Amino acid sequence: MQYIRIGDKECELNKNFRLILHTKLANPHYKPELQAQTTLLNFTVTEDGLEAQLLTEVVSIERPDLEKLKLVLTKHQNDFKIELKHLEDDLLLRLSAAEGSFLDDTNLVERLETTKATAAEIECKVMEAKENETKINEARENYRPVAARASLLYFVINDLRKINPIYQFSLKAFSALFRRAVEQADAVEAVPERVSSLVESVTHTVFLYTSQALLEKDRLTFLSQMAFQILLRKKEIEPLELDFLLRFTVERTYPSPVDFLTAQSWSAIKALALMEEFRGIDRDIEGSAKPWKKWVESECPEKEKLPQEWKKKSLIQKLIILRAVRPDRMTYALRNFVEEKLGAKYVEGTRLDLVKAFEESSPATPMLFILSPGLDALKDLEVLGKKLGFTIDSGKFHNVSLGQGQEMVAEMALEKASKEGHWVILQNVHLVAKWLRTLEKLLERFSQGSHSDYRVFMSAESAPTPNEHIIPPGLLENSIKITNESPTGMLANLHAALYNFDQDTLEMCSKEHEFKSILFSLCYFHACVSGRLRFGPQGWSRSYPFNSGDLTTCANILYNYLEATPNVPWEDLRYLFGEIMYGGHITDNWDRKLCRVYLEEFMNASLTEDELLLAPGFASPPNLDYSGYHQYIEEMLPPESPALYGLHPNAEIEFLTVTSNVLFRNLLEMQPRNALIPEELGQSTEEKVKNVLDDILEKLPEEFNMADIMQKNSNRSPYVLVCFQECERMNILLQEIRVSLQQLDLGLKGELMMSLGMEAQQSALSFDTVPDTWGKLAYPSTYGLAQWFNDLLLRCRELDTWTQDLTLPAVVWLSGFFNPQSFLTAIMQTMARKNEWPLDKMCLTVDVTKKTKEDYGHPPREGAYLHGLFMEGAHWDVQSGTIAEAHLKELTSAMPVIFAKAVPVDRQETKHTFECPVYKTKMRGPDYVWAFRLKSKEKTAKWVLAGVALLLEA
């Protein structure tokens, strides 16, 4: 790991930073005084180097006598060497100055005898010192496991910045944490037990310190990485098996021969069967389907024994099998794995102890609250301040909400607080990017010679992407980081929504019954829109920062409208809540529709005149007091499930599967380079990349010859033009892949200097991800590299078939287009020309057939047959020809062939239909393509709340 030291500052050094820094320092216009004062020291912090440093530290605490004795011995050895050197120099001087026979010089002979005796005496003392040093080193070696564990943990937490740049920890802070862990360890007399106690204390202390700084979604990543690295060091897991578990590369898709496994899961099993330890697992599953089905479909397969002889497999091997068939259970399985290997205390929920965190702070170490959208850190801090006598009323607590023009206010508050021993909270520091460097210098300056009670607290939101991260490393490394997140789950969210009000709120309106009913429904609506965010794109196409301010403002609007009108103005309220207050955050039209449908379901006359079900099994409560509503929630709310939000139970499986995939991708990126490659295999990362590179170059098709293709048909119909456009875009992508891989090949051979882009590409190939330079020129996709490349070859083959004679294929693979909208528009253009209809008065209509692609031999007379679409959130019932409830655990279902044609807007059938959005991938949002009206027997609201959509990629 490369670091750079500037003065007394230390930070990680990457190639970009080093290049910028050297360029600046070489620039004559750069501040000369800074250039003169700055000393650059490139050095490498290795695990061995850190281990040696920490070993000295732990021994100095545990056995200060050993360290003192070692220092004394070292001093004596140096003294002996100096004395011998003086004797030798004196003797040589006398010998060189002697005249005649030196035997006649009595003084010289006596000096020679003295030197000989002294040398012999020193030699005895040196031997004795060496023996003592060996004994001291043996005693010190007893504590090496403690230093080794601490060194390993430091590199684990240091790698967390790869997940999110806000997770940065300094070596200085870690050393202080290590010292504290050693001092707090349970006192045991026997050395082996003491060492075990120290190792456990260091591990748990680092875990607690780091966990409080991580967002909930990243805690399991840290915990898993910590467990894996500890077990790798102890050689309790095989590096090759861990590598397979993290990468899980599935290159080919196989149809599943059993009904309880999807094609994706069966393909994973086939990939698994190629490993020696899992050879024959595919045959066993197919041959003994019944016990395997029972295990796969069990509620918690991670707690059940594997069928047949596979129950004898190790824990890591069980994780590999589970990831193949039930990826949605991997987060639970990893927690169980950590619990079994490290202990239950590592998986128990850790509650934020603000008092303890405060005790660890000082004027030089501010506290940084990492916020979730819509939250602030002020409430908890005010409670703590009140206990310790630091309040806004007393003038000892300064609250500065940063934004335009607040920098000067903050600087004055910091200066005053440092002199008089006050507290300062700087809220939302991420909003003042240009001032952050100044803030870093101010914090350092004011901490020196400041009042001992002086404390600085900051709050900041984590950047959405690493590229948008702006908080300086120095500010992060010197801070004690604490996360502040909103509650999860309907129960916690509903209670939290109600906590924004009190009994006085419930009694303030003259129309008490209506006000209470609508307010509770509003709280449930708020809990729904907030809770849906955790279901990812199926919950909301894009992420929105809904907060309690939206809810309280809506409550005030509700009060004002009820007081001003004789009847409840339902439509006005729904518009104000859904289009202005909550709708003010929403940028996607389909999300706006979802918000509108929620309010139509929760805010109507049934709420006050009749019983209204807010969720299956949960009716709107009767007229109660404030504590009664909280009690009603506790007693009547059904167990947590996607149904409480209007989603299908599959949404939970999809959410957990995505969480699992993200977790493993993060874990893979955190692995030390070449750490998972066994030495006996002798295959480095470069060799693996070279194999992938050669394989892709060998299979990569030639670019389409556009001149030849254009000559095949003089007719430039909309379909033909779409074909040309797709070929041209494919050529650009193929060219980029070929050129970039050829350059990388030369770089790996040493014939070309490796650029940052080439290094990024090498990293992507090693992690089975699509390089960014390819992704920018390609179509949206969520596949790993192997699956993405196979998909690319299929697209090329499809285009190649189409370009043979430029006639429209019998059934068009809509998913295979870079721009599927262009083809759907071409359908409309073709029919508009044929029937002389105005294009702006037309729309696309679809009819889902009962046939598959193989059933068609030629295209329709008008319009086109489409295939390659999948339904998420529901299932297409072929027999009834309508949307139906999704099958449990079937996350996406393949659609039959769809017949698409254009008709005038006034002829479009809208009754008993659901306007279903079509997206390119599961990520939705910007991947929107079109809207197909599909037949439905259920009301539209059911499918809108379930997040039903058609996808072009399963």
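None of the values given here were measured: they were computed from a predicted structure.

Undergrad: Kindly report on the overall build of the protein chain, identifying the contributing residues and their values.
TA: Regarding its fold elements, the protein chain presents 37 helices and 21 strands. Looking at the protein chain residue by residue over its 954 residues, the buried ones come to 49%. Summarising the internal contacts of the protein chain: among those between residues at least 6 apart in sequence, 72% fall at separations of at least 24. Entry remark: accessible area of the protein chain is about 47000 Å², with carbon and sulfur atoms responsible for 51%.

Undergrad: Lay out the packing of aromatic side chains with the relevant residues and their values.
TA: According to the stated counting rule, one finds 39 aromatic pairs in the structure shown. Ring centres of Trp292 and Trp295 lie 6.0 Å apart, and the angle between their planes is 90°; on these two criteria the pair is classed as edge-to-face. Here Trp295 and Trp292 lie together in helix H13 (residues 289-296), a separation of three residues that amounts to about one turn. On the accessibility criterion, Trp295 (4% relative accessible area) is buried. Through pairs of rings, three or more aromatic residues link up here, namely Phe520, Tyr524, Phe525, Trp540, Tyr544, Phe546, Tyr582, Tyr598, Phe602, Phe618, Tyr629 and Tyr632. Taking NZ or CZ as reference, Arg795 lies 3.5 Å from the ring centre of Tyr779, over its face. Directly above the aromatic system of Trp943 lies the positively charged group of Lys942, at a separation of 5.4 Å from the ring centroid.

Undergrad: Got a sec to walk through a negative patch on the surface? Specific residues and values, please.
TA: Where like charges cluster on the molecular surface, the negative patch consists of Asp502, Asp504, Glu507 and Asp625. The topology assignment puts Glu507 in helix H22 (residues 503-507).

Undergrad: Let's hear about the nonpolar core: which residues, and what values?
TA: Formed by 133 residues in total, the largest nonpolar core has its most connected members in Tyr524, Leu792, Phe823 and Phe932. A per-element tally of this core places helix H32 (residues 718-749) first, with twelve residues. With near-sequence residues (within four places) excluded, Phe932 lies in contact with Leu824, Leu844, Val846, Leu866, Leu869, Phe914, Glu915, Cys916, Val918 and Leu950. In this structure, Tyr154, Val338, Tyr346 and Leu368 belong to the second largest nonpolar core, which totals 71 residues.

Undergrad: A description of the sheet that holds strand S17 (residues 892-894) should follow, citing residues and the corresponding values.
TA: What the five strands build is an open sheet, ordered S17-S14-S21-S19-S20; its pairing is mixed. Every interior strand has two partners, whereas the edge strands, S17 and strand S20 (928-935), have only one. Strand-to-strand twist of the sheet, defined as the mean angle between neighbouring strand axes without regard to direction, takes the value 30°. In this sheet, S20 lies alongside strand S19 (residues 913-919) in antiparallel orientation, the contact comprising seven bridges. Bridge pairing in S20 links Pro917 to Ala931.

Undergrad: Before we move on, could you go through the packing of helix H15 (residues 330-342) against helix H29 (residues 650-670) and cite the residues and values that matter?
TA: A packed helix pair is summarised by two numbers, namely the angle formed by the two axes and the spacing between the axes. Two elements in contact, H15 and H29, have axes whose closest approach is 8 Å; the angle formed by their N-to-C orientations is 55°. The orientation of H15 relative to H29 falls into the category oblique. Within the contact between the two elements, H15 uses Met330, Thr331, Tyr332 and Leu334 and H29 uses Leu656, Thr659, Ser660, Leu663 and Phe664. Here the contact of H15 with H29 is built from residues that sort into six nonpolar, three polar and no charged.

Undergrad: Go over the pairing of strand S13 (residues 864-867), please, and point to the residues and values.
TA: Across a regular strand the side chains alternate sides, sitting on one face of the sheet and then on the other. Here S13 shows two buried faces, one formed by Ala864 and Leu866 and the other by Tyr865 and His867. Strand direction decides the pairing type here: strand S11 (residues 811-813) and S13, joined by three bridges, are parallel. The partner of Val811 across the bridge, within S13, is Tyr865. In this sheet, strand S18 (residues 898-904) lies alongside S13 in antiparallel orientation, the contact comprising three bridges. For Leu866, the partnering residue across the bridge sits in S18 and is Ile898.

Undergrad: A description of the packing of helix H14 (residues 315-325) against H15 should follow, citing residues and the corresponding values.
TA: At a minimum axis separation of 10 Å, H14 and H15 run at an interaxial angle of 175°. With respect to H15, the element H14 is oriented roughly antiparallel. Contact with H14, carried on its side by Leu315, Ile316, Leu319, Leu322 and Arg323, involves Met330, Ala333, Leu334, Phe337, Glu340 and Lys341 of H15 and no other residues of that element. For the contact of H14 with H15, the residue count by class is eight nonpolar, no polar and three charged.

Undergrad: Quick one: what's the story with the pattern of salt bridges, residue by residue and with numbers?
TA: This structure, assessed with the given rule, holds 39 salt bridges. Between Glu141 and Arg144 there is a salt bridge, and its shortest N-O distance comes to 2.8 Å. Judged by relative accessible area, Arg144 falls into the partly exposed class, the value being 29%. Note that Lys217 and Asp218 form a salt bridge whose closest N and O atoms lie 3.6 Å from each other. Residue classification places Lys217 among the exposed positions, given a relative accessible area of 61%. A residue is classified by how much of its surface remains accessible, and Asp218, at 2% relative accessible area, is buried.

Undergrad: Any chance you could break down the side chain of Thr221 for me, citing the residues and the numbers?
TA: Relative to the helices and strands, Thr221 is located in helix H9 (residues 216-233). Here Thr221 falls in the buried class, since its relative accessible area comes to 1%. The contact partners of Thr221, leaving out residues within four places of it in the chain, are Ile163, Leu663, Asn666, Leu667 and Met670.

Undergrad: Any details on the side chain of Thr505? Residues and values, ideally.
TA: You can see Thr505 is positioned in helix H22. Judged by relative accessible area, which is 15%, Thr505 ranks as buried.

Undergrad: Lay out the sheet that holds S18 with the relevant residues and their values.
TA: Across the sheet, which stays open at both edges, the four strands sit in the order S11-S13-S18-S12 with mixed pairing between neighbours. At either margin of the open sheet sits one strand with a lone partner, and together these are S11 and strand S12 (842-848). Adjacent strand axes in the sheet meet at a mean angle of 40°, parallel and antiparallel pairs treated alike. Pairing geometry for S12 and S18, over seven bridges, is antiparallel.

Undergrad: Outline the confidence of the model for the protein chain, supporting the account with residue identities and numerical values.
TA: On average, the protein chain scores 85 in pLDDT, and the residues at 70 or more come to 86%. For the protein chain, helix H2 (residues 32-37) is the element with the lowest average pLDDT, namely 34, and strand S21 (residues 949-951) is the one with the highest, namely 96. For residues 678-682, every residue scores under 50 in pLDDT, and the model assigns this stretch three contacts once sequence neighbours within four places are set aside.

Basis of the calculations
Residues numbered from 1 in each chain as written. Predicted model: local features only at pLDDT ≥ 70, side-chain atom pairs only at ≥ 80, totals over all residues. Heavy atoms only, no water. Helix = DSSP H or I, 4+ residues; strand = E, 2+ residues; numbered from the N terminus. Buried < 20%, exposed > 50% of the residue type's maximum accessible area, 1.4 Å probe, protein only. Contact = heavy atoms within 4.5 Å. Areas by Shrake-Rupley, 256 points an atom, 1.4 Å probe, with all protein chains shown as cover. Phe/Tyr/Trp six-rings, centres within 6.5 Å; stacked < 30°, edge-to-face > 60°. Lys NZ or Arg CZ within 6 Å of the ring centre and 35° of its normal. Patch = residues over 30% accessible without salt bridge, like charges linked within 9 Å, V, L, I, M, F, W, Y side chains within 5 Å. Salt bridge = Lys/Arg side-chain N within 4 Å of Asp/Glu carboxyl O. Lys, Arg positive; Asp, Glu negative; His and termini not counted. Charge placed at Lys NZ, Arg CZ, Asp CG, Glu CD. Core = buried A, V, L, I, M, F, W, Y, C linked by side-chain atoms within 4.5 Å. Pairing = 2+ DSSP bridges. Axes fitted to C-alpha atoms, helices over the stretch in contact; angles between N-to-C directions. Parallel < 35°, antiparallel > 145°, perpendicular 65-115°, else oblique. Nonpolar A, V, L, I, M, F, W, Y, C, P; charged D, E, K, R; others polar. pLDDT = per-residue confidence, 0-100.

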